[in-house]
Amino acid sequence: MHPAAALLVCLTAIVVIQFLGWPGLALVFPVLLLARRKSIPGWWHLLRRMRWLLLSVWLILAYGASGDAVFDVTWMPTHEGVRDATLHVARLGLMLGCLAWLLAFLGNHGLLVALQSMLHPLSRLGLASERFVVRLSLVMQNLQVKLPRGAWRNMIDGSGGDWDGPETLRFEAPAWRANDSFICLAVLAFSCLAISLG
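About the cut-offs
- Residues numbered from 1 in each chain as written.
- Predicted model: local features only at pLDDT ≥ 70, side-chain atom pairs only at ≥ 80, totals over all residues.
- Heavy atoms only, no water.
- 1 Å grid on protein atoms, 1.4 Å probe; cavity = no way out; pocket = protein on both sides within 12 Å on 5 of 7 lines; lining within 4 Å.
- Points joined across faces, edges and corners; volume = space filled by probe spheres on them.
- Helix = DSSP H or I, 4+ residues; strand = E, 2+ residues; numbered from the N terminus.
- Nonpolar A, V, L, I, M, F, W, Y, C, P; charged D, E, K, R; others polar.
- Axes fitted to C-alpha atoms, helices over the stretch in contact; angles between N-to-C directions.
- Parallel < 35°, antiparallel > 145°, perpendicular 65-115°, else oblique.
- Contact = heavy atoms within 4.5 Å.
- Buried < 20%, exposed > 50% of the residue type's maximum accessible area, 1.4 Å probe, protein only.
- Polar contact = N/O pair within 3.5 Å; in protein donor to acceptor, adjacent residues only side chain to side chain.
- Core = buried A, V, L, I, M, F, W, Y, C linked by side-chain atoms within 4.5 Å.
- Phe/Tyr/Trp six-rings, centres within 6.5 Å; stacked < 30°, edge-to-face > 60°.

Looking at the largest pocket, its volume works out to about 350 Å³. For the largest pocket, the lining is made up of 19 residues, of which V9, A13, V31, V187 and F190 are closest to its centre. Going through the elements one at a time, α1 (3-17), α2 (22-35), α5 (79-119) and α8 (178-197) are the ones with two or more residues in the lining of the largest pocket. Taken together, the residues of the lining of the largest pocket sort by class into 18 nonpolar, 1 polar and no charged.

Right, here's the structure in full:
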């Protein structure tokens, strides 16, 4: 699959997930699990890293909705709030699953190729898409480097060590095939089905 097609599939899934209720989410969940089994550990890692944010979102939404309190206790969240909060956190969890699938499928280099392929038509309008992708690649590369303790002070002083990076960055995108168009159309059809289910 072309990297840009994979990015389009992921972005479409993320947008569609926002419109889904429980039946639609129940349809998307097994598809996401079967799409690429290598992404499941990455998905679990993302969920673990986001656990406090997900808990905070759940608490805010559960206590923020008006309605009848759970167990008729005034300090408990409402039934409506619990229902809405749980649905929203489930949507966020599936969105993280889509992101884990994309990163497992493409990797860092494939993601950069996909961004370059998608942003290239904007270069005709004067947007320097190559510069954006190169800067993003440098950020992604530097995020993976383990810095010694207190290295940020040396960077601010300008006395930090040798921060050499690659001299050139080469992108070779595969050709767009008919399969890629078919996959994008199939994802759109599946998205319409999932939205119609709720």
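For the rest of this paragraph, the subject is the packing of α1 against α8. Interaxial distance between α1 and α8 falls to 10 Å at its minimum, and their mutual angle equals 5°. Between α1 and α8, the angle falls in the class roughly parallel. Of α8, the residues touching α1 (which contributes A5, L8, V9, T12 and V16) are D180, I183, C184, V187, L188, S191 and I195.

Attention now moves to the side chain of T78. Its place among the elements puts T78 in the loop between α4 (51-64) and α5. A relative accessible area of 8% means that T78 is categorised as buried. Polar side-chain contacts of T78 include one of 3.1 Å to the backbone oxygen of A65. At a separation of 2.9 Å, a polar atom in the side chain of T78 contacts the main-chain amide nitrogen of G81. When sequence neighbours within four positions are dropped, the list of residues in contact with T78 reads A62, A65, S66, G67, D68, A69 and V70.

For soluble globular proteins, the rule of thumb is that nonpolar side chains tend to be buried together. Ranked by size, the top nonpolar core spans 28 residues in total, and within it I17, L20, L94, W101 and L102 carry the most contacts. Elements with a minimum of two residues in this core: α1, α2, α3 (39-49), α5, α6 (129-143) and α8. Broken down by element, the residue count for this core peaks at 12 residues, all from α5. Every residue in contact with L94, bar those within four places of it in the chain, is listed here: I17, L25, V28, F29, L32 and W43.

The next point concerns the packing of aromatic side chains. This structure, assessed with the given rule, holds 2 aromatic pairs. Considering the side-chain rings of W101 and F105, the 5.3 Å spacing of their centres and the 10° angle between planes classify their relative orientation as stacked. Pair noted here: W101 and F105 are both in helix α5, with a separation of 4 residues, about one helical turn. You can call W101 buried: its relative accessible area is 9%. The class of F105 is partly exposed, set by a relative accessible area of 27%.

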